Amino acid sequence: MNHQQVTHKFNIDNIAGKHDELNFCIDYDGNLIMLTSTKESGKYYHSIFHVTEWGVQCIVVPPSKKEFRYAQPLGENWLLVNSRVDDKKAHNAFVYNASEYLISSFHLGDGIADVQTTKNAEIWVSYFDEGIYGGTIGGSGLLCFDKNGEVIFDFIKFVQTPSNNEIPFIDDCYSLNVYSNETVYLYYYSDFPLLELHNKTDYEIFKHKAFDKSPIAGSHAFSIWEGHILFGHGYNGKGKLHLYSLNKKTTKSFLPVNEQNEKIKYYYAVGRKDKMFLVCENDVYLVDIRDVIE
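Here's a quick rundown of the structure.

What counts and what doesn't
- Residues numbered from 1 in each chain as written.
- Predicted model: local features only at pLDDT ≥ 70, side-chain atom pairs only at ≥ 80, totals over all residues.
- Heavy atoms only, no water.
- Helix = DSSP H or I, 4+ residues; strand = E, 2+ residues; numbered from the N terminus.
- Rg over C-alpha atoms; globule rule 2.2 N^0.38 Å.
- Buried < 20%, exposed > 50% of the residue type's maximum accessible area, 1.4 Å probe, protein only.
- Contact = heavy atoms within 4.5 Å.
- Areas by Shrake-Rupley, 256 points an atom, 1.4 Å probe, with all protein chains shown as cover.
- Lys, Arg positive; Asp, Glu negative; His and termini not counted.
- Charge placed at Lys NZ, Arg CZ, Asp CG, Glu CD.
- Pairing = 2+ DSSP bridges.
- Axes fitted to C-alpha atoms, helices over the stretch in contact; angles between N-to-C directions.
- Polar contact = N/O pair within 3.5 Å; in protein donor to acceptor, adjacent residues only side chain to side chain.
- Core = buried A, V, L, I, M, F, W, Y, C linked by side-chain atoms within 4.5 Å.

**Points about the overall build of the chain**
Link 1 in the chain: Helices and strands together make up the secondary structure of the chain, namely four helices and 25 strands.
Link 2 in the chain: For a compact globule of 294 residues, the expected C-alpha radius of gyration is about 19 Å, and the chain comes in at 19 Å, within 12% of that figure.
Link 3 in the chain: Projected onto its principal axes, the C-alpha positions of the chain cover 55 × 50 × 30 Å.
Link 4 in the chain: Taken over 294 residues, the chain has a buried fraction of 54%.
Link 5 in the chain: Restricting the contact set of the chain to residue pairs at least 6 apart, pairs at least 24 apart contribute 44%.
Link 6 in the chain: A total of about 13700 Å² of accessible surface is found on the chain, and carbon and sulfur atoms cover 44% of it.
Link 7 in the chain: Distance between charge centres in the chain, computed from 28 positive and 38 negative side chains, equals 3 Å.

Now the structure itself:
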């Protein structure tokens, strides 16, 4: 098994301190976002740690009755989202300004698998099976909202267009990669295609056999660069990385190692653009797909 050296980014406890829950996201520039929550006296206290090349910015969110799972920049503001919601109208997306005041809220549906915003303040939301088959707007599998929570792209309507009927419906969106304002990639169950959407009107679909076979099948994170896709582990091969070439239709698998060439054990990965972050028990590592290709 080949080794791939990855870069140690930080120790989680050194930044996050004491917390009950921890979630990771990536912003539109490929920077990591760490969202912590602590429950006290029936309320949740959240902190956003935005990790960039200039350091770590900490945003403290006012106490909430809801526990948030996703944090994303939305223009000059911050969007926080709860992945589960009880009914078809309850708000589960909340926008806070730079002064940490709540300025708006809206409904994004139940069973949210991922939330990624763009530089032009659009909100892409993917859904897992309970959201898709739960009777809320998540039944589309993938939606795009404007900054006010209005739907501006509906995947089901897109697929139902006669010219797009080769695209499979989404039963469970395993991985979303909002690459830019124009380009979005997704990988989903049950057909496991890799789908590229461009400007919400055009698409390219890749139905390579490797995507629904071991070791890639079931991967929940990927990064992409010039015809190459780096997948995190899927149903099998825990702790490994898999580089797939769209042109050659070949897969190379790797074990990530640190700067001392010691194997690292990551529990899960988050990917966006050409970056993938590997989350271990106490540490976070970065792997750039361009380094793997080279």
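Structure's up, so let's keep going.
**Considerations on the sheet that holds strand S10 (residues 102–106)**
Link 1 in the chain: The strand order S7-S8-S9-S10 describes an open sheet built from four strands, whose pairing is antiparallel. The two strands at the open ends of the sheet, each matched to only one other strand, are strand S7 (70–74) and S10. The sheet shows a mean angle of 20° between the axes of neighbouring strands, direction not considered.
Link 2 in the chain: Direction of pairing for S7 relative to strand S8 (residues 77–81): antiparallel, over a ladder of five bridges. If you follow alanine 71 over to S8, its bridge partner there is leucine 80.

**Some thoughts on the side chain of glutamine 72**
Link 1 in the chain: Note that glutamine 72 resides in strand S7.
Link 2 in the chain: Of the polar contacts made by the side chain of glutamine 72, one reaches the backbone nitrogen of threonine 117; its length is 2.9 Å.

**As for the nonpolar core**
Link 1 in the chain: One finds Phe155 and Leu186 to be the most contacted residues of the largest nonpolar core, which totals 47 residues.
Link 2 in the chain: If we skip the residues at most four places from it in the chain, leucine 186 touches Leu142, Phe155, Ile170, Cys173, Ser175, Leu176, Pro193, Leu194, Leu195, Leu197 and Phe222.
Link 3 in the chain: Formed by 16 residues, the second largest nonpolar core is a distinct cluster that contains Ala221, Leu241, Leu243 and Ala269.

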